[in-house]
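Observations on the model geometry
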2 protein chains.
Amino acid sequence: MLEKLTPLAESEKSLVKAEVAALKSRLTSQQQQIKQAKLPVIILIEGWGAAGKGSLISDIILNIDPRSFTVRSISPPTLEESRRPFLWRYFKEIPEAGQFLFFDSGWYGETIQNVMCDGLDGKAYRRRIDSINAFERQLTDNGYLVVKFFIHIPKKIQDERFEKLLDSENTEWRISKADKRENRHYKEYAAAWDKLLDLTSPAYAPWHVIDGSERTKRLQVYRILTDAIASALEKQGQPRQCDAPAEEFPLLAMPKLASVSLDQQVDEADYRVRLKEAQTRLKDLHNRIYRQKIPVVIVYEGWDAAGKGGNIKRVAAALDPRGYEVVPIASPDKHEISRHYLWRFWNRIPKTGHITIFDRSWYGRVMVERLEGFCTEADWKRAYREMNEFEQELHNWGAVILKFWIHIDKDTQLERFNERQNTPEKRWKITDEDWRNREKWDLYEVAVDEMLQKTSTAYAPWHIIESKDKRYARLKVLHILIDALEEALKGRE
Amino acid sequence: MLEKLTPLAESEKSLVKAEVAALKSRLTSQQQQIKQAKLPVIILIEGWGAAGKGSLISDIILNIDPRSFTVRSISPPTLEESRRPFLWRYFKEIPEAGQFLFFDSGWYGETIQNVMCDGLDGKAYRRRIDSINAFERQLTDNGYLVVKFFIHIPKKIQDERFEKLLDSENTEWRISKADKRENRHYKEYAAAWDKLLDLTSPAYAPWHVIDGSERTKRLQVYRILTDAIASALEKQGQPRQCDAPAEEFPLLAMPKLASVSLDQQVDEADYRVRLKEAQTRLKDLHNRIYRQKIPVVIVYEGWDAAGKGGNIKRVAAALDPRGYEVVPIASPDKHEISRHYLWRFWNRIPKTGHITIFDRSWYGRVMVERLEGFCTEADWKRAYREMNEFEQELHNWGAVILKFWIHIDKDTQLERFNERQNTPEKRWKITDEDWRNREKWDLYEVAVDEMLQKTSTAYAPWHIIESKDKRYARLKVLHILIDALEEALKGRE
């Protein structure tokens, strides 16, 4: 891939300066359109040390309103970052609609470091490629423009530039240890980059390899960038693709909700004993997964009044408060809705060794957002795959993932709604929206059934929790959780 | 202060269990009121190692809906945190209205570590006390309830508990190096705590020292906590105090806006030369402050159409994009408005060595929020002091702080509004709101004059930038910035 440079013809060179100026003013006017069309733009600049990545970014941003862009310079992960999945620190940074984000090196530079210094290869390397491709596809499918440049210079030029920089104490600090290593092993690095670029240049986010030693470098970058923006602006608002081959994921068979029996019961005395017992076991397990640094993600979804809150409370009561968090999910805030819908969930995933309990979750995309028309049909249909991929990232990182559908029937819901309505201390729990949602029970049931069929994977299974008897439901969740944590700890202590 | 324990009378002890149960259910019902009254609650638990801080928090949260609280366990600052002011990581965590936040140790524990291990004393210690008191006063003045417990145990009990914990490999990891050090130097730590508690127990956030070796410990905690909540709920909605002794701050004399002449002019040719020259100097200075790790905070405020955007652009053009950020401030988002108004600014302050340019800022409190009635009179009157304190924190941390009021007169604004209205490419820049704000010019002028008088301090001065001639304004800002950075670098290289 590094050889695919297309140098300019001699005759073109004289035109360079004028054309660059024209392209710059094209970019400036495009920026206004981007703001108005609410297009989010991610520009990633990778390349050799001293190839001029920084000064290229400096040059581009001069044409953009400083309020409309952010530049992120990526260093090796901090301790905090290293306790999250690889993509976490990149997903966290994605811009709001209408904004530019520049990455001065990013997920590729980090991957090359992992290959060259940490021995990333084989299955883990292929997984990394899959992660990266899924990340960029998800971004572009959800309306982001992703433009990727690799600034290439031959070793000879890097040698010369390094020598010059190292010559003055004002500039020598710019050459890091990693840069020196790269220069010493230029050939191996080149081979690693070549392979990586080849594997990550899909149509939705292709690589542009630019000759950093040519004076036409900027001309090429501005041409590619403004063309990419023009094309993205044109496509904006058009329905986006929806090819979700669910069969890629190891799906588990799930029963239809209508076929689930809700007769289970546990009597009060029995419940008390078994609850205490289960909580004691869970408490011990929490301690052990904390020490083994296993992260745990728990998702609660379910019918209104099914007993989610009380169920969560019984789990939380057994946990060390310093090691878990309950995240209630409401409708998205302004800064959340103007980003990829998974952004606010990526932001809340636990550190290694910690537990996050989501009270409602990303599955809102295929339930309330689907039914209320808050996203397009293509959006929610594509989401099954995106959510499976999201959970696969968490799983590959080492997380235990459990998803509970807290289930009751329509009559039980009515009883509980009426009880809430008629009990002054409980009335705050019931709103007009609850009654409106109840009217759509049948539509929700179709959506939930589809969700359970399409997103219950071996690595992130759904569990239907029969909650007509809340005591039974609480014990069932606790036991599933206990089993899953014991399984995760096997052979680790 | 550690001696001020008030043990329960013998006769009371038999009643403990029943009363604790009653207080727990009081807390549960208070939690609903807190949610409805949108009261934010911060509960800080400090105390000796093995005093039972963690299990106390575990016990309290059992009575609270897990969706309504968060627990933060504070460790020594990470690298990322250590590149911010002391209060940063605490301010960042403050809860939304209606939520509880528990700190398992916090700004006091960190301060004691600083005293005992890092030699914090003298002037720096007194400053720390001021920071802490201002932090808690600002929280309570802005509607937060802050409840502080210190769980005390005598050395003998700590010895016994440590011995027991160290005895089993399942628990020995709970005793950190710092805990052992504390135990070895118990007496010195006790003296340091005593002094610290004495200096930080104001009426708005008093200390409650609890005997952690007594079985009545929980009774006392629940009593104090539920009484504090009851009293805060009662006071909610009442106008809060407003005692802003502005004379505490080293204020600079500022002219009235009406007296500022706007005749300055720079011709185009001269401007080009001087702009280039100033930007070259600024570029070099940015490099140097980056290496000296000096943080810089720049605030832009000014009339609509005064030329803020173009001015910021000329500064940004000289900076390395990896070391600065422009933060445009619009009306607060839902999650921002439900916290202390300075929260969103605390969240955006730079790391050491970085520059943050705020395009509009916290001063919105005493301009738009004052004039549009988005906060009460007491709120904005109190804000002058709060903003001076905020900037003092940044200054004490080592930041260079510069604030620019970009100034034009009413006629110039009208000309520029009309030009925008009549130029198709510029029309997006002008909105109905701009015209509405223009009608309130005189009220704004009063507010701005008052702001300039009350918040231009020696450590964070306001500069009025005459911007009828935008070229003059840009050069003036650049030169002020250059002078300030040179001053900050003096003797540091």
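Residues numbered from 1 in each chain as written. Chains lettered and ligands numbered in written order. Predicted model: local features only at pLDDT ≥ 70, side-chain atom pairs only at ≥ 80, totals over all residues. Heavy atoms only, no water.

**Describing the side chain of Asn183(B)**
The test is simple: In this text, helices come from DSSP runs of H or I with a minimum length of four residues, and strands from runs of E with a minimum of two, each type numbered from the N-terminal end. Should any heavy atoms of two residues lie within 4.5 Å, those residues are counted as being in contact.
Along the polypeptide, Asn183(B) turns up in helix H9 (residues 177-184). With sequence-adjacent residues up to four places away left out, Asn183(B) is seen in contact with Lys155(B), Gln158(B), Asp159(B) and Phe162(B).

**A few points about the packing of helix H6 (residues 107-118) of chain B against helix H10 (residues 186-199) of chain B**
All names here are of chain B. Convention followed: With axes taken as lines fitted to C-alpha atoms, and helix axes fitted only over the stretch in contact, angles between N-to-C directions fall between 0 and 180 degrees. Throughout, the term roughly parallel applies to angles under 35 degrees, roughly antiparallel to angles over 145, roughly perpendicular to angles from 65 to 115, and oblique to all others. Definitions for this section: a left-handed crossing has its near helix turned counterclockwise from the far helix by less than a right angle. A right-handed crossing has that turn clockwise. Each residue gets one of three labels, nonpolar for Ala, Val, Leu, Ile, Met, Phe, Trp, Tyr, Cys and Pro, charged for Asp, Glu, Lys and Arg, and polar for the others, Gly among them.
Between H6 and H10, whose axes approach to 10 Å, the crossing angle comes to 130°. Taken together, the axes of H6 and H10 are oblique relative to one another. Viewed along their axes, H6 and H10 form a crossing whose handedness is right-handed. Touching Tyr108, Gly109, Thr111, Ile112, Gln113, Val115, Met116 and Cys117 of H6 are Glu188, Tyr189, Ala192, Trp193 and Leu196, all from H10. In the contact of H6 with H10, the residues fall into nine nonpolar, three polar and one charged.

**Re the environment of Ala316(A)**
Counting through the fold element by element, Ala316(A) comes out in helix H13 (residues 308-316). Note: C-alpha distance between Ala316(A) and Ile357(A) (41 residues apart in sequence) is 8.8 Å. In this structure, Ala316(A) is in contact with Tyr324(A) and Pro66(B), ignoring residues within four places of it in sequence.

**Quick word on the sheet that holds strand E1 (residues 41-47) of chain A**
Residues and elements named next belong to chain A. As a reminder, the rule being used: Strands qualify as paired when DSSP identifies two bridges or more between them.
Read across the open sheet, the five strands follow the order E2-E3-E1-E4-E5; overall the sheet is parallel. Among the strands making up the open sheet, the edge pair consists of strand E2 (69-73) and strand E5 (207-211). Neighbouring strand axes in the sheet, compared pairwise and without regard to direction, differ in orientation by 20° on average. For E1 and strand E4 (residues 145-152), the ladder comprises seven bridges, and the chain directions are parallel. Bridge pairing links Glu46 to Phe150 in E4. Of the strands in this sheet, E1, strand E3 (100-104), E4 and E5 touch helix H11 (residues 217-235), which is tilted by about 165° from E4.

**Some thoughts on unusual backbone geometry**
All names here are of chain B. We apply this condition: Only protein chains enter the accessibility calculation, which uses a 1.4 Å probe; a residue is then buried when its area is under 20% of its type maximum, exposed when over 50%, and partly exposed in between.
One non-glycine residue, Lys38, lies in positive phi territory at about 55°. Along the chain, the position of Lys38 falls in the loop between helix H2 (16-37) and strand E1 (41-47). A relative accessible area of 56% places Lys38 in the exposed class. A positive phi angle is found at Arg360, which is not glycine, with a value near 70°. If you trace the backbone, Arg360 turns up in the loop between strand E8 (355-359) and helix H16 (368-371).

**Description of the relation of the copies chain B and chain A**
Cut-off, in case you're wondering: Here the copies are matched by least squares. The fit uses the C-alpha atoms of residues with pLDDT of at least 70 in both.
Expressed as a screw operation, the relation of chain B to chain A combines 0.0 Å of axial shift with a rotation of 180°, fitting to an RMSD of 0.0 Å. A rotation of that kind, with that shift, is consistent with a two-fold axis. Interface overlap between copies is the fraction of interface residues in one copy that are interface residues in the other; for chain B against chain A it reaches 100%, indicating a shared surface.

**A closer look at the pairing of E4(A)**
Residues and elements named next belong to chain A. Counting buried residues along E4, eight of its eight residues qualify, which places the element largely inside the surrounding structure. The side-chain alternation of E4 yields two buried faces, one formed by Leu145, Val147, Phe149 and Ile151 and the other by Val146, Lys148, Phe150 and His152. Across five bridges, the pairing between E4 and E5 is parallel. Paired with Phe149 across the two strands is His208, which belongs to E5.

**Let's talk about the interface of chain B and chain A**
As a measure of interface size, the accessible area lost when the parts come together is often cited. Note the following rule: Once two parts are joined, some of their accessible surface, as seen by a 1.4 Å probe, is lost; buried area is that loss totalled over both. Throughout this description, the term salt bridge denotes a Lys or Arg side-chain nitrogen within 4 Å of a carboxyl oxygen of Asp or Glu. Whenever two N or O atoms come within 3.5 Å, that pair is a polar contact, provided that in protein one can donate a hydrogen and the other can accept it, and provided that, for residues adjacent in sequence, both atoms are side-chain atoms.
Opposite the 42 residues of chain B that make contact, chain A presents 42 residues. Taking both partners together, chain B and chain A bury about 3,800 Å²; carbon and sulfur atoms supply 53% of that area. Linking chain B with chain A are six salt bridges. Of the charged contacts in the structure, one is a salt bridge between Glu325(A) and Arg72(B), with a shortest N-O distance of 3.4 Å. Where chain B packs against chain A, one counts eleven residue pairs in polar contact (both at pLDDT 80 or more). Contributing elements (two or more residues each) for the side of chain B that touches chain A: H2, helix H3 (53-61), strand E2 (69-73), helix H12 (268-291), helix H13 (308-316), strand E7 (324-328) and helix H14 (334-337) of chain B. Among the elements that take part in the side of chain B that touches chain A, E2(B) stands out by supplying five residues, more than any other.

This is a description of form; function is not addressed.
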